[in-house]
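If you want the building blocks of each chain, they are given just below.
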Number of protein chains: 2
Amino acid sequence: MTSADLSALLNREQAQAELFDLLRIPSVSADPTRGADMARAAEFLRAKLAALGFAARVDATAGHPVVYAEHLQAPGKPTVLIYGHYDVQPEAPLEEWVTPPFEPTVRDGRIYARGSTDDKGQAYAHVKGAELLLSQGELPVNVKFLLEGEEEIGSPNLEAYLREHAAELKADVILISDGSRFAPDVPTITYGVRGLSYVEIHVQGANRDLHSGSYGGAAPNPINALCEIIARLKDDQGRVTIPGFYDGIDELTADERQMWASLPHSDEAFAASIGVPALPGEAGYSTLERLWGRPTLDVNGIWGGYQGEGSKTVIAAKAGAKVSMRLVPGQDPERITGLIADYVPKIAPAGVSAKVVPHHGGRPFKFDLNSPFNKAANRALKRVYGREAVFARTGGSIPIVAAFNDILQAPVLFVDLGLNEDAPHSPNESFAVQDYFNGILTSAYLLQELGQ
Amino acid sequence: MTSADLSALLNREQAQAELFDLLRIPSVSADPTRGADMARAAEFLRAKLAALGFAARVDATAGHPVVYAEHLQAPGKPTVLIYGHYDVQPEAPLEEWVTPPFEPTVRDGRIYARGSTDDKGQAYAHVKGAELLLSQGELPVNVKFLLEGEEEIGSPNLEAYLREHAAELKADVILISDGSRFAPDVPTITYGVRGLSYVEIHVQGANRDLHSGSYGGAAPNPINALCEIIARLKDDQGRVTIPGFYDGIDELTADERQMWASLPHSDEAFAASIGVPALPGEAGYSTLERLWGRPTLDVNGIWGGYQGEGSKTVIAAKAGAKVSMRLVPGQDPERITGLIADYVPKIAPAGVSAKVVPHHGGRPFKFDLNSPFNKAANRALKRVYGREAVFARTGGSIPIVAAFNDILQAPVLFVDLGLNEDAPHSPNESFAVQDYFNGILTSAYLLQELGQ
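This is a predicted model, so every value here is computed, not measured.

Moving on, we get to the overall build of chain A. In terms of regular secondary structure, chain A is built from 15 helices and 18 strands. In terms of overall size, chain A behaves like a compact globule, its C-alpha atoms giving a radius of gyration of 24 Å where 452 residues would be expected to give roughly 22 Å. Counting only C-alpha atoms and orienting by the principal axes, one finds that chain A spans roughly 85 × 50 × 45 Å. Counting over 452 residues, chain A shows a buried share of 59%. Taking all contacts inside chain A whose residues are at least 6 apart in sequence as the whole, residues at least 24 apart take part in 80%. For chain A, the centre of its 40 positive side-chain charges and the centre of its 57 negative side-chain charges are spaced 3 Å apart.

So, in structure tokens, the structure goes:
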């Protein structure tokens, strides 16, 4: 079966109509009034997969249900577990939507609807990809679908589900399409995610708020002290000063740096896209290297003293900040959390005490660029787009990767089908119609290639 | 008339009973339901002063009324304007009061009541001081009382009142007792107040909040940048780095430094009183010098990003801080505000823009230590306490000083009668019975000394 054949066989009208039916279900996992819609979306997917010949069921969890389906008719061939989610972000602010979020509408070649790209459109492309192959015979690999309903609220019950069904979910590779390609017309394979250490810094000065007239100049000021601590956490080269922070990092290879340098990226365009005059960061690394392959330290929130209108002449008793560090392979979140917890009290200015309260962490991951899975994905994408895929990483952290890694002990293959301009999580979320159809073909070809 | 005479003549029971009557009136200027109580307190004072022979009246203002009274029977002698206020702070939190705030109660030699020290007790001591002298003949100077009802809400109508009645209020010196002596048994004359420049710093990064995973490492972080800016505003010696900040400062004299060094002050006790392990500050100056004679820069509030429970991985678009600088004689608030407004944008890290938004300012003041008024006050205090007065300054800023200086063009003489331990503005505010009686005698002697 050649690409031309499959592409010609795809009933695009039907594929779009089915996705629209799914998009019309307002499956907002964060909204407690939409439990029935969640169940309806799960049943929609179960019924569809069952109709394709999958053994499909809806499994209850402590939260929203999981759709599980398997089609295991390829003895001796690899098993692919396709993960996706049928829940969507809340639609607010509703008034900013040009057309209603749960009435999918095509404008300028894009399907506008909540969940169109994140992740109903991308997940359903795999359902339709399997269907396309099944319409011509058997699936070339064993396929399992795991479609959860709580991704947008942090997958609170997924890990327990994975543990409970670990044997059943066993796979050679876990395929996820829930993100963005590097650019339009650029097929992308994501082979790494950053980890995370998220902490709070608490600084205590006097035992009560003080009057800045009566005490200013002699009493320690915990806000000034907190600012000094934060300023000291990075040097003038943008490097994190925490001793040991960079120890053991899996440095970027010359090949990776060359590969990323050749990508169609413009610092000017990137800066303009977020409205800033410059892109500060760690010296010696390009913007993509800083985003994908280097650790960071960002303050995500800060507070202390008087924040209201007008003025209040107070020296606050305490101040605090939320600080997150994105981590790269070679950095262990717990070790990094320990390092900053040791370091902050040491750099606290005289007169105050400072401590670090850990929040949570997530491990960084990097998968083998040259694995047979990545190579198969590259071949499949080339058949759709007519060009080699870009091997990128993502700056974000995807906590479920650790769960898949630890519990299912299989590598993850990220084949993202969307684009940043789809505006996931925002009003007027969309998915290009062509990206949806390309996604279906990518899925079908990828299962073929994985079967080779 | 010797001190012993006056002291013997003072009817202490009567003096206390009258003050209690005044303290029972809940004249909380911030409470809009207590307008009648405000009027009652004003009338109480007017009637008392009228009974002493003063030409006394209650003048309406746009807010709470002013009590004005004058006794001008000392031709050729100086005119003393005694300023005080009959309004008090709100009594909340009520549950922390041991006895009700408007039922004055004596325990362990202290009168517990809202307003006991701030400022009914201190102001009424002057009324009783004048009465004590009048009971023996004429007043030795011309005396004017200006008792306002809005001090605790920022004296919003006082400046207009001063302008309207400038000719009538003309005086050679303005006497104020509305603060704390340096220590128990230490008579204190306060001859200087710090000024103030209060600004906000606003830092803008990207044009919207960004995801710290997708953008962290490349996008500018306005909170980190704000912290760097704030850290850069002081050097490692605790000196403010704003160019020109210290220019023109009226440096402390060797005499002043020696005088303050001899005061009964302990850094250890001061640090312990606010529960801090050390007292950081500008190198080369003692704690009292830092508090009274050196300028400061304190952050009074800071905000940015996510401040709620848990974690949010956001790079905020903006961050801000409220910053106040206490100023000393020789520093002009408008000039200092201009300097920081020029400087902050220059030290902003790459990628963000920073600007300063001025709030308000107040001028520093220092009065001549060796003026005849200060000398007279010292003699009067010596007659009461048997020791020389301490010449102190205060770290706070007293905005009405500028109004008195500009409109009435007379120096201010601060003869504080209270103590920090009186806990003005706090629950269980009190005034030592002995300090009240000493205040009455101080007032009488001071009028005598000023008449010499």
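This next bit is on the UniProt feature "domain: Peptidase M20 dimerisation" (unreviewed entry) in chain A. The UniProt entry lists residues 192–350 of chain A under the feature "domain: Peptidase M20 dimerisation" (unreviewed entry), expressed in the numbering used here. Secondary structure content for residues 192–350 of chain A is 33% helix and 21% strand, while the C-alpha to C-alpha distance between its ends is 42 Å.

Next up on the list: the pairing of strand S9 (residues 195–204) of chain B. Residue and element names in this part refer to chain B. With eight of 10 residues buried, S9 lies mostly within the body of the structure. The pairing of S9 with strand S13 (residues 318–327) spans 10 bridges and is classified as antiparallel. By the bridge assignment, isoleucine 201 is partnered in S13 with alanine 321. Here nine bridges tie S9 to strand S14 (residues 353–362), and the two strands are oriented antiparallel to one another. By the bridge assignment, leucine 196 is partnered in S14 with glycine 362.

For the rest of this paragraph, the subject is the relation of the copies chain B and chain A. Relative to chain A, chain B is turned by 180° and slid 0.1 Å along the rotation axis, the superposed coordinates differing by an RMSD of 0.2 Å. Taken together, the turn and the small shift mark the pair as related by a two-fold rotation axis. An overlap of 100% is found between the interface residues of chain B and their copies at the interface of chain A, pointing to a shared contact surface.

When the parts of a complex come together, some accessible area is lost, and that lost area is often used as the size of the interface. Chain B puts 69 residues into the contact, and the matching count from chain A is 69 residues. Summed over both partners, the interface of chain B with chain A buries about 5,000 Å², with 57% contributed by carbon and sulfur atoms. Considering only the surface of chain B that becomes buried against chain A, Ala218, Ile274 and Ile302 of chain B emerge as the three largest contributors, covering 12% of it. At the boundary of chain B and chain A, one finds zero salt bridges. At the boundary of chain B with chain A, the tally comes to 33 residue pairs in polar contact (both at pLDDT 80 or more). If you tally residues by element for the side of chain B that touches chain A, the top one is strand S11 (residues 298–305) of chain B, at eight residues.

Summed over all chains, the structure comprises 58 salt bridges over all chains. Here lysine 382 of chain A ties to glutamate 388 of chain A by a salt bridge, and the two come within 3.0 Å at their closest N and O atoms. The partly exposed category is assigned to lysine 382 of chain A, whose relative accessible area is 42%. On the basis of relative accessibility, which here comes to 41%, the residue glutamate 388 of chain A falls in the partly exposed class. In this structure, the salt-bridge partner of glutamate 91 of chain B is arginine 34 of chain B, at a minimum N-O distance of 2.8 Å. Taken together, the residues span a long stretch of sequence, with glutamate 91 of chain B in the loop between strand S3 (79–85) and strand S4 (105–107) and arginine 34 of chain B in the loop between helix H2 (12–23) and helix H3 (35–51) at a distance of 57 residues. For glutamate 91 of chain B, a relative accessible area of 14% translates into the label buried.

Moving on to the packing of aromatic side chains. Counted by the stated rule, this structure contains 22 aromatic pairs over all chains. Look at phenylalanine 54 of chain B and phenylalanine 145 of chain B: their rings are 5.5 Å apart centre to centre, the planes differ by 65°, and that puts the pair in the edge-to-face class. Of this pair, phenylalanine 54 of chain B sits in the loop between H3 and strand S1 (55–59) while phenylalanine 145 of chain B sits in strand S6 (residues 142–148); the two residues are 91 residues apart in sequence, bridging distant segments of the chain. Note on phenylalanine 54 of chain B: relative accessible area 5%, which makes it buried. Plain terms: the ring middles of tyrosine 83 of chain B and phenylalanine 404 of chain B are 5.4 Å apart, the flat faces sit at 70° to each other, and that makes the pair edge-to-face. Note that tyrosine 83 of chain B is positioned in strand S3 and phenylalanine 404 of chain B in helix H14 (residues 399–408), a separation of 321 residues in sequence. Neither residue differs from the other here; tyrosine 83 of chain B and phenylalanine 404 of chain B are each classed as buried. One aromatic cluster in this structure is built from Phe182, Trp260 and Trp292 of chain A. The ring of tyrosine 112 of chain A has arginine 107 of chain A sitting right over it, with the charged end atom 4.0 Å from the ring centre.

If a probe the size of a water molecule is rolled over the atoms, the empty space left behind becomes visible. Per the counting criterion, the structure on display carries four cavities of 30 Å³ or more. One number sums up the size of the largest cavity: a volume of about 50 Å³. Of the residues belonging to the lining of the largest cavity, the class tally is seven nonpolar, one polar and one charged.

The next point concerns the sheet that holds S4 of chain B. Residue and element names in this part refer to chain B. Ordered by their spatial adjacency, three strands build an open sheet running S4-S5-S18, and the pairing between neighbours is antiparallel. Here the strands that pair on one side only, and so sit at the sheet edges, are S4 and strand S18 (430–432). Strand-to-strand twist of the sheet, defined as the mean angle between neighbouring strand axes without regard to direction, takes the value 30°. Against the sheet, helix H15 (residues 433–450) makes contact with S4, strand S5 (110–112) and S18, and its axis sits at roughly 65° relative to S18, the strand it touches most.

All names here are of chain B. With respect to the helices and strands, the residue aspartate 119 is situated in the loop between S5 and helix H4 (120–134). We note that aspartate 119 is buried and unpaired, the nearest opposite charge coming from lysine 120 at a distance of 11 Å. Setting aside anything within four residues of it in sequence, one finds aspartate 119 in contact with Gly84, His85, Tyr124, Ser177 and Asp178.

Procedures and definitions
- Residues numbered from 1 in each chain as written.
- Chains lettered and ligands numbered in written order.
- Predicted model: local features only at pLDDT ≥ 70, side-chain atom pairs only at ≥ 80, totals over all residues.
- Heavy atoms only, no water.
- Helix = DSSP H or I, 4+ residues; strand = E, 2+ residues; numbered from the N terminus.
- Rg over C-alpha atoms; globule rule 2.2 N^0.38 Å.
- Buried < 20%, exposed > 50% of the residue type's maximum accessible area, 1.4 Å probe, protein only.
- Contact = heavy atoms within 4.5 Å.
- Lys, Arg positive; Asp, Glu negative; His and termini not counted.
- Charge placed at Lys NZ, Arg CZ, Asp CG, Glu CD.
- UniProt positions renumbered as here; feature names shortened; annotations may be inferred.
- Pairing = 2+ DSSP bridges.
- Least-squares fit on C-alpha atoms with pLDDT ≥ 70 in both.
- Buried area = accessible area lost by both parts, 1.4 Å probe.
- Salt bridge = Lys/Arg side-chain N within 4 Å of Asp/Glu carboxyl O.
- Polar contact = N/O pair within 3.5 Å; in protein donor to acceptor, adjacent residues only side chain to side chain.
- Phe/Tyr/Trp six-rings, centres within 6.5 Å; stacked < 30°, edge-to-face > 60°.
- Lys NZ or Arg CZ within 6 Å of the ring centre and 35° of its normal.
- 1 Å grid on protein atoms, 1.4 Å probe; cavity = no way out; pocket = protein on both sides within 12 Å on 5 of 7 lines; lining within 4 Å.
- Points joined across faces, edges and corners; volume = space filled by probe spheres on them.
- Nonpolar A, V, L, I, M, F, W, Y, C, P; charged D, E, K, R; others polar.
- Axes fitted to C-alpha atoms, helices over the stretch in contact; angles between N-to-C directions.

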